[in-house]
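Breakdown of the fold
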Amino acid sequence: MKQDLIEQARAVLVRNDRGDYTVPTHGLYPFQWNWDSALSALGFSHFDEARAWREIETLFRHQWDDGMVPHIIFHEMNDGYFPGPDVWATGRAVPTSGITQPAVAGFAVRRIHARAKNRALADAQARALLPKIHAWHQWFYTNRDPQGTGLVAIIHPWESGRDNSVDWDAALARVPTEGVAPFQRRDVAHANPAHRPTDEEYRRYIWLVQHFRGLGWDNSRLHDASPFRVVDPGFNAILIRSCLDLAALADDLGEAEIASASRAYAQAGIAAMDALWSETRGQYLCFDRATGELIDSPSIGGLLAAFCPIPEHRAQAIARRLDAIGAAVPYLVPSHDPAAHEFDGLRYWRGPVWLIVNYMIADGLKRAGQTRIVQRIVDDSLRLIEQSGFAEYYDPVTAEPCGGSSFTWTAAMVIEILN
Ligand code: 9YW
């Protein structure tokens, strides 16, 4: 059974392999996505280390001069996705989007390096990637935390990787839609519209893209100029964890300066994170930098915070919260609290389970010693795969597979979990 699943997962990765990068899934997402690549490389690394390194190498080949690593790289033209390169208009030879995504590469590279069988290759690749990943982290803290609070903001819901989370509703409602050029969505031709963001959300997403494009994609201006500036605990936890992992890797490779700078970022982030804790909700919450208030939305972003080191009593509280959620739905971890009225088990990031987030929450809670709830998350993840295949996401109540099928990072997580 286990070997069968691994074989099936490998076949998904191979099918979506385009040589130097993988597409998340055929049809719906025909390009390279940032955090998909970093997480998918973990899957490749179990059967082809060279291919795993190449995935991340390709991603960083398209890093911007200012250090940003874009969220999409449009390697080949394909009009099956909107918004394409013409809408982003970032002026790059190989077109990219103009925003970023969760900085999980530092974590992935450290993990792949630590367990690599080909040590010479791993050292060479890690050494080449180290300054690039560090430059990306520096870019984050310089451009997305201009006041030096210790935590970075996202300026577009797409940056979070949790596109239509309830977390963004109020902040996104303040984004205008006037002047948005007419467009035709392509995603709804590949996936059930009831499982995707709404047209209204898309108009606001595109307004932000047009706004940033009008500012020449100058990252030194975008943060302050964006009406949407949200501090996401999950996003920050991923960045903090990557800084810590990069520091450990830098120690291994004798790069003391990168190690100490990375640790300083992580320490400041960990200290600042506690202000996002909600005693009432028993989890972390997002913070709206435009209004200066916490966003009272009990989403998975506040549980994913456990991916970075958090105080022991906070990890215990998150485990309790997961127990309560796990009593309400058969499959952990829904992307939004099933008890909240906004919960929608089929609609993208407003309820469904995503295996990559399960993996990161489980990893963090394992380090925090919360083994019982970790086992539940792992068991639920594998039950979803056995019942519903390698889907993009799943209904936490019925296990219905949603979104794209034969999904790369879902398959990669299965290989990672089962090895
Ligand atoms: C989109 C590729 C991406 C993920 C995001 C997810 C979705 C793309 O797919 O966004 O067009 O909506 O939300 O996290 O990287 O798998």
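Everything here concerns the structure above.
Heads up: these notes are all about the structure in this document. (Residues numbered from 1 in each chain as written. Predicted model: local features only at pLDDT ≥ 70, side-chain atom pairs only at ≥ 80, totals over all residues. Heavy atoms only, no water.)

Notes on unusual backbone geometry
- The residue after Phe82, namely Pro83, is reached through a cis peptide bond having omega 0 degrees.
- Tracing the sequence through the fold places Pro83 in the loop between β2 (72-73) and α4 (85-88).
- Between Leu332 and the following residue, Val333, the backbone shows a cis peptide bond with an omega angle of 0 degrees.
- Mapped onto the elements, Val333 comes out in the loop between α14 (312-328) and α15 (355-367).
- The phi torsion at Ala89 lies on the positive side, around 45 degrees, for a residue other than glycine.
- Relative to the helices and strands, Ala89 is located in the loop between α4 and α5 (105-115).
- Even without being glycine, Ala399 reaches a positive phi, approximately 70 degrees.
- Within the secondary structure layout, Ala399 lies in the loop between β8 (393-394) and β9 (401-402).
- The exposure class assigned to Ala399 is buried, which follows from its relative accessible area of 2%. (Helix = DSSP H or I, 4+ residues; strand = E, 2+ residues; numbered from the N terminus. Buried < 20%, exposed > 50% of the residue type's maximum accessible area, 1.4 Å probe, protein only.)

Considering the site of the ligand
- Taken together, 14 residues are adjacent to the ligand, and Asp36, Tyr81, Gly161, Asp163 and Tyr348 come closest.
- One nitrogen or oxygen atom from the side chain of Gln101 is found 2.9 Å from an oxygen atom belonging to the ligand.
- In the complex, the protein chains occlude 99% of the 380 Å² of accessible area that the ligand would expose alone.
- If you map the ligand onto the pockets, it falls in the largest cavity. (Near = heavy atom within 4 Å. Polar contact = N/O pair within 3.5 Å; in protein donor to acceptor, adjacent residues only side chain to side chain. Areas by Shrake-Rupley, 256 points an atom, 1.4 Å probe, with all protein chains shown as cover. 1 Å grid on protein atoms, 1.4 Å probe; cavity = no way out; pocket = protein on both sides within 12 Å on 5 of 7 lines; lining within 4 Å. Sits in = over half its atoms within 2 Å of the grid points.)

Here we look at the pattern of salt bridges
- For the structure shown, the criterion picks out 30 salt bridges.
- A network of salt bridges, in which partner residues are shared, links Arg110, Arg111, Arg241, Asp245 and Asp363. (Salt bridge = Lys/Arg side-chain N within 4 Å of Asp/Glu carboxyl O.)

Quick look at the packing of helix α16 (residues 371-388) against helix α17 (residues 408-418)
- Here α16 crosses α17 at 130 degrees, and the two axes come no closer than 11 Å. One finds that α16 runs oblique with respect to α17. Our pair here, α16 against α17, has a crossing hand that is left-handed. On the side of α16, the interface is formed by Val378, Ser381, Leu382 and Ile385, while α17 contributes Thr410, Val414, Ile417 and Leu418.
- By residue class, the composition of the contact of α16 with α17 is six nonpolar, two polar and no charged. (Axes fitted to C-alpha atoms, helices over the stretch in contact; angles between N-to-C directions. Parallel < 35°, antiparallel > 145°, perpendicular 65-115°, else oblique. Left-handed = near helix turned anticlockwise from the far one by under 90°. Contact = heavy atoms within 4.5 Å. Nonpolar A, V, L, I, M, F, W, Y, C, P; charged D, E, K, R; others polar.)

Some words on the packing of aromatic side chains
- In this structure the tally under the stated criterion is 31 aromatic pairs.
- Summarising the aromatic geometry, the rings of Tyr141 and Tyr265 are spaced 4.4 Å apart at their centres and angled 15 degrees between planes, so their arrangement reads as stacked. Separated by 124 residues along the polypeptide, Tyr141 in helix α6 (residues 119-143) and Tyr265 in helix α13 (residues 256-273) bring together distant segments of the chain.
- Classification of Tyr141 as buried rests on a relative accessible area of 8%.
- One aromatic cluster in this structure is built from Tyr29, Phe31, Trp33, Trp35, Phe74, Tyr81, Tyr348, Trp349, Trp354, Tyr393, Phe407 and Trp409.
- Taking the ring centre of Tyr202 as reference, the NZ or CZ of Arg185 above it sits at 3.9 Å.
- For the cation-ring pair, Arg241 lies above Phe307, with the distance from its terminal atom to the ring centre recorded as 4.6 Å. (Phe/Tyr/Trp six-rings, centres within 6.5 Å; stacked < 30°, edge-to-face > 60°. Lys NZ or Arg CZ within 6 Å of the ring centre and 35° of its normal.)

Thoughts on the packing of α6 against helix α12 (residues 233-252)
- Look at α6 against α12: their axes get within 11 Å of each other, and the N-to-C directions meet at 140 degrees. Handedness of the α6/α12 crossing: left-handed. Residues Ala126, Leu130, Ile133, His134, His137, Phe140 and Tyr141 of α6 form the contact with α12, whose participating residues are Phe235, Leu239, Ile240, Ser242, Cys243, Leu246, Leu249 and Ala250.
- When grouped by side-chain class, the residues that make up the contact of α6 with α12 number 12 nonpolar, three polar and no charged.

A closer look at the nonpolar core
- Within the largest apolar cluster, 143 residues are counted, with the highest numbers of intra-cluster contacts made by Leu322 and Ile361.
- Sequence-distant contacts of Leu322, defined by excluding residues within four places in its chain, comprise Leu303, Leu332, Val333, Ile361, Leu365, Ile373 and Ile377. (Core = buried A, V, L, I, M, F, W, Y, C linked by side-chain atoms within 4.5 Å.)

Points about the layout of surface pockets
- In this model, the largest pocket occupies a volume close to 330 Å³.
- Taken together, 16 residues form the lining of the largest pocket, with Tyr359, Lys366, Val378, Glu416 and Ile417 sitting closest to its centre.
- Listing elements by their share of the lining of the largest pocket, those giving two or more residues are α5, α15, α16 and α17.
- Looking at the lining of the largest pocket residue by residue, the classes come out as six nonpolar, five polar and five charged. (Points joined across faces, edges and corners; volume = space filled by probe spheres on them.)

Remarks on the side chain of Asp288
- Tracing the backbone through its elements, the reader meets Asp288 in strand β6 (residues 286-288).
- Among the polar contacts made by the side chain of Asp288, one reaches the main-chain amide nitrogen of Ala290 at a distance of 2.9 Å.
- Apart from residues lying up to four places away in sequence, Asp288 is in contact with Ala171, Arg174, Arg229, Glu293 and Ile295.

As for the side chain of Thr90
- Looking at where Thr90 falls in the secondary structure, it is placed in the loop between α4 and α5.
- Thr90 has contacts with Trp64, Thr96, Ser97, Gly98 and Trp217, leaving out every residue within four places of it along the chain.

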